[in-house]
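# Close look at the chain arrangement
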Amino acid sequence: SSRRQRWWNAFLPIFGLIAGFIPLLFYSGAKQAPWGGVGWDASSRRIIGNADSYGVLVWAGTFAILFQIVLYGLQWSKEWGGCLLTPSEVIQAAIEGTKDLVETTIVLIMASA
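Described in the following lines is the structure provided in the data block. (Residues numbered from 1 in each chain as written. Predicted model: local features only at pLDDT ≥ 70, side-chain atom pairs only at ≥ 80, totals over all residues. Heavy atoms only, no water.)

## Focus: the environment of threonine 105
Note on placement: threonine 105 falls in helix 4 (residues 87-112). Among the residues examined, threonine 105 registers a relative accessible area of 41% and is labelled partly exposed. Between the C-alpha atom of threonine 105 and that of leucine 71, which follows or precedes it by 34 residues, the distance is 29 Å. (Helix = DSSP H or I, 4+ residues; strand = E, 2+ residues; numbered from the N terminus. Buried < 20%, exposed > 50% of the residue type's maximum accessible area, 1.4 Å probe, protein only.)

So, in structure tokens, the structure goes:
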């Protein structure tokens, strides 16, 4: 394929995931105040300790995939006749990557038993 490989196509989605995860973690920990949360005036340790890290990771991952769809869709070139990757190709790659991680997780769980 004549598609150019660019370093930022790998770096930016990962950076976006990390950059989005940390503020969402603080938001999740502080905003659960009505249900026994700590609020914004607590220490960072208490706010992060109160956060729903699984929910935050799901949201940050969703935003990272949406960011990838936009990033790859904006890289249009007549040379290869379209986008770097179409939205369906990005989603298919995410599903295949998830399948690989599920297999690895099962192997690690079985090894620890």
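## Overview of the packing of helix 3 (residues 53-74) against helix 4
It is at 9 Å that the axes of helix 3 and helix 4 come closest, and there the two elements cross at 140°. On the basis of the axis angle, helix 3 is oblique to helix 4. Along this stretch, helix 3 crosses helix 4, giving a crossing that reads as right-handed. Residue-level inspection shows Ile65, Gln68, Ile69 and Tyr72 of helix 3 in contact with helix 4, the latter providing Pro87, Val90, Ile91 and Ala94. Residue composition of the contact of helix 3 with helix 4, by class: 7 nonpolar, 1 polar and no charged. (Axes fitted to C-alpha atoms, helices over the stretch in contact; angles between N-to-C directions. Parallel < 35°, antiparallel > 145°, perpendicular 65-115°, else oblique. Left-handed = near helix turned anticlockwise from the far one by under 90°. Contact = heavy atoms within 4.5 Å. Nonpolar A, V, L, I, M, F, W, Y, C, P; charged D, E, K, R; others polar.)

## Overview of the side chain of asparagine 9
Within the secondary structure layout, asparagine 9 lies in helix 1 (residues 8-31). What makes asparagine 9 buried here is its relative accessible area of 8%. A polar side-chain atom of asparagine 9 sits 2.5 Å from a polar atom in the side chain of glutamine 75. Contact partners of asparagine 9, with chain neighbours within four places excluded, come to Leu71, Tyr72, Gln75 and Leu84. (Polar contact = N/O pair within 3.5 Å; in protein donor to acceptor, adjacent residues only side chain to side chain.)

## Description of the nonpolar core
One broad trend across soluble globular proteins is that nonpolar side chains are buried collectively. With 5 residues, the main nonpolar core is built from Ile69, Leu71, Tyr72, Leu84 and Val90. Looking at this core, the element that brings in the most residues is helix 3, giving 3 residues. Sequence-distant contacts of tyrosine 72, that is, excluding residues within four places in its chain, are made with Asn9, Pro13, Cys83, Leu84, Leu85 and Val90. (Core = buried A, V, L, I, M, F, W, Y, C linked by side-chain atoms within 4.5 Å.)

## A short note on the layout of surface pockets
Estimates place the volume of the largest pocket at around 480 Å³. Every residue lining the largest pocket is counted, 18 residues in all, and those nearest its centre are Gly61, Ile65, Ala94, Thr98 and Leu101. No other element matches helix 4, which puts 8 residues into the lining of the largest pocket. The residue inventory of the lining of the largest pocket, partitioned by class, reads 14 nonpolar, 4 polar and no charged. (1 Å grid on protein atoms, 1.4 Å probe; cavity = no way out; pocket = protein on both sides within 12 Å on 5 of 7 lines; lining within 4 Å. Points joined across faces, edges and corners; volume = space filled by probe spheres on them.)

## Let's talk about the environment of leucine 71
Here leucine 71 shows up in helix 3. Between the C-alpha atoms of leucine 71 and leucine 84, which are 13 residues apart in sequence, the distance is 8.8 Å. Leucine 71 has contacts with Trp8, Asn9, Leu12 and Pro13, leaving out every residue within four places of it along the chain.

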